[in-house]
Each structure stands twice: as C-alpha cells, then as structure tokens.
Amino acid sequence: MTVEEDNKPSRGDYEEKWAHVKRKHLIISTKDYIVVIDEDENIDWETSPEYDEIFPSDKEIQAKILNDAALLETFPCTGIDNKKILHYKRLIGEGIARSLGGQYDGARAMLEAADKYIKLRSEEISRLWYLSYCLKYVFIIDIFAVMIWLIRDFINDTFGNGFALLFVACAFGATGALLSVIGRSGNLHFDCAAGEKLHELEAFSRILAGLISGCIVSLAVKSEMIFAPFAKHESFNLIILIAAFAGGTGERLVGSIISKFEEPAQKTTQVKTHPNKAEEIT
C-alpha cells in the first residue's frame, strides 16, 4: 500500500464493511449496524458481531420496537403510489435505526409518525375511491335521465303517463344522495385496506339508496299522500323533483358497508432468537 493510499480518508458510510448488504435505499450505516430498504423494497438491517456482544442495552424494549416496526411494514398499501410507500418505509427504517442506536424514545416517535402518515394516505385513497365511484354512478344515471326526458312523449305513450317524470325523479334522488355523500366526505374514516371493490359497492349502495328514496318520495307526492295542497299548483312537477332530491339525502340512514368491514386478524409477531433481527413468525 502506498503512502497516499494509506492516508486516503475512509468513506463515512462504511461502504466496504457493508458492501454485501444489497439495498435500493440506504437509511443509515455505522460501524456497528446498517439499515436499508432492499431491492424488493423491504426494510432490512444487519449488526456487527461486536455490536451483538454489548447491545442492546434493553433487549425487551428493542424487541418490542422491532416487532412494532414489522407490523407497520405489513400495512396494506393498496392504491398508494410508490413514492409515498418509500417515504413510509423510510420512516419505519429510521425508527429501527434509532432503536439499534439505543434511542428508544426517538424510535417510538418515528414509528408513531409512520403509523400516522400511512393512515392519512390510506384515508385519502379511500375517500378518492368512494367519491369517484359515487360521481361515476350519478353521472351515468343523470345522463340516462336526460335521454329519457328528451323522448318523454314516446316513453309516456309506451309505458304510461308520468313514467318519464318518475325516472327523472329517481335521478334527482340519486343526485341528492351524492350531495349528502359530498357533505359528509370530510368525516369519512374508511380504510383502503377494505379494497377498491368494497368501496365501489359502498358507493353504489349509497346512490341506489338515494335513487329508491327519491322514487318513493316522488310517488308519495304524486299520489298526494304528502304535499297534497300543492297538487293543483302549476309547478307541481318541479315540486315532485325537489321532494325527490330531498328524499335522496336519506341515504345517510343506510348503514355503511365499509365501516362494518372487519380486517382479518393480524399475524402474531414474535421475536426469534436471532442475534441481529426480530422477524415475523406465524
């Protein structure tokens, strides 16, 4: 070795020592341990033999933190884009790194931040799915209603007088349901772990409930069971549509499918007697 090579400063990330650890993203590397996001986008870490002889200072606390990190990593991230998932896993990795460094309070804070972050992203995706499908179904119903109204003379002659108005009233009920859903969207606490299909079913059930409510209310008004004093009013058809719209907001009385969705039992996480890692076993 030449003098220049001998005096050359070593890299601060201990690249040579941890060169065997495959990674996509390096979180931290020290002379005692390394934490990375590997090529499969899973969090991985390794410790040195010297570290294993003297650390951790409290095995039970560290094991609990590593278990919590493992559980967080299994959170279903369906629909969340890769950049946000990577950010989420970096937060978990930072928590593991602090745990390996004996900074247990800091580790817990990072894991709590990761948990809060992924739940917020999950609610965003859930709300996006739910409102998108509600808008989709109402749009289809309203377009169909416009088509029915444009050929209302033919529809009434074929199916009976007032049928076209009844269908339009149903569309008003569906639109009323949409308004109700949008008004409550800020209070939704759904979870994208329920899956996109269940969100679509929930949206469909809400809009269908509004459509049926609008239909029932319009029939009640038409038969003069309610609002009888307005039966002879020149704008009686408009009154029927307004009543149907108001009736559609009754969709909120229908129980939520997603809110009753029960997540499968979480896998039991235990710590193996491994010198470097806490791993999941079922």
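Computed from a predicted structure; not experimentally measured. By convention here, each chain's residues receive numbers from 1 onward along its written sequence. Only residues with pLDDT of 70 or above have their local features reported here, since the model is predicted, and side-chain atom pairs are shown and tallied only from 80 upward, although totals for entire chains, interfaces and linings are computed over all residues. Side-chain measures were taken over the full set of non-hydrogen atoms in the model, leaving aside hydrogen atoms and water.

Student: Please explain the packing of helix H8 (residues 196–222) against helix H9 (residues 236–248) as it appears in this structure.
Tutor: In a packed pair of helices, the relevant descriptors are the angle between the two axes and the axis-to-axis distance. What counts as an axis is a line fitted to C-alpha atoms, over the stretch in contact for a helix, and the angles between N-to-C directions run from 0 to 180 degrees. The secondary structure listing takes helices from DSSP runs of H or I that are at least 4 residues long and strands from runs of E that are at least 2 residues long, numbered from the N terminus. As a packed pair, H8 and H9 sit with axes 7 Å apart at the nearest point and diverge in direction by 145°. Helix-helix and strand crossings are classified by hand; for H8 and H9 the assignment is right-handed. Residues Gly210, Ser213, Gly214, Val217, Ser218, Val221 and Lys222 of H8 lie in contact with H9, whose contacting residues are Phe236, Ile240, Ala243, Ala244, Gly247 and Gly248. Three classes are used, and their members are as follows: Ala, Val, Leu, Ile, Met, Phe, Trp, Tyr, Cys and Pro are nonpolar, Asp, Glu, Lys and Arg are charged, and the others, Gly among them, are polar. Partitioned by chemical class, the residues of the contact of H8 with H9 number 6 nonpolar, 6 polar and 1 charged. Each crossing is labelled by how the near helix is turned from the far one, with a counterclockwise turn of less than a right angle marking it left-handed and a clockwise turn marking it right-handed. Residue contacts follow a heavy-atom distance rule, with two residues in contact if any of their heavy atoms lie within 4.5 Å.

Student: I tried to follow the nonpolar core on my own but got confused; where do I start?
Tutor: Nonpolar side chains in soluble globular proteins generally cluster together in the buried interior. We call a set of buried Ala, Val, Leu, Ile, Met, Phe, Trp, Tyr and Cys residues a nonpolar core when their side-chain atoms join them within 4.5 Å. Summary of the burial criterion: residues with accessible area below 20% of their type's maximum are buried, those above 50% are exposed, and those between are partly exposed, where the area comes from a 1.4 Å probe applied to protein chains only. By size, the foremost hydrophobic cluster in this structure holds 31 residues, and its most contacted members are Val35, Cys77, Tyr88, Ile92, Ile96 and Leu100. When residues of this core are traced back to their parent elements, those giving at least two are strand E2 (33–37), strand E3 (43–47), helix H3 (59–73), helix H4 (82–100) and helix H5 (104–150). For this core, the leading source of residues is H5, giving 9 residues. Beyond its immediate chain neighbours, meaning those up to four positions away, Tyr88 contacts Leu72, Glu73, Phe75, Cys77, Ala114, Tyr117 and Ile118. Counting residues in hydrophobic clusters, the runner-up holds 15 residues, among them Tyr130, Tyr133, Val138 and Ala174.

Student: Please clarify how the environment of Ile28 should be interpreted in this entry.
Tutor: Checked against the element boundaries, Ile28 lands in strand E1 (residues 25–29). Contact partners of Ile28, with chain neighbours within four places excluded, come to Tyr33, Ile34, Val35 and Ala97.

Student: What is the right way to look at the sheet that holds E2 in this model?
Tutor: For two strands to be treated as a pair, DSSP must find at least two bridges joining them. What the 3 strands build is an open sheet, ordered E1-E2-E3; its pairing is antiparallel. Strand pairing shows two members of the sheet lacking a second neighbour, E1 and E3, which therefore form its edges. Strand-to-strand twist across the sheet, computed as the mean angle between neighbouring axes with direction ignored, equals 15°. As paired elements, E2 and E3 share 5 bridges and run antiparallel to each other. Its bridge partner lying in E3, Val35 is registered against Trp45. Relative to E2, H4 is tilted by about 170°, and along the sheet it contacts E1, E2 and E3.

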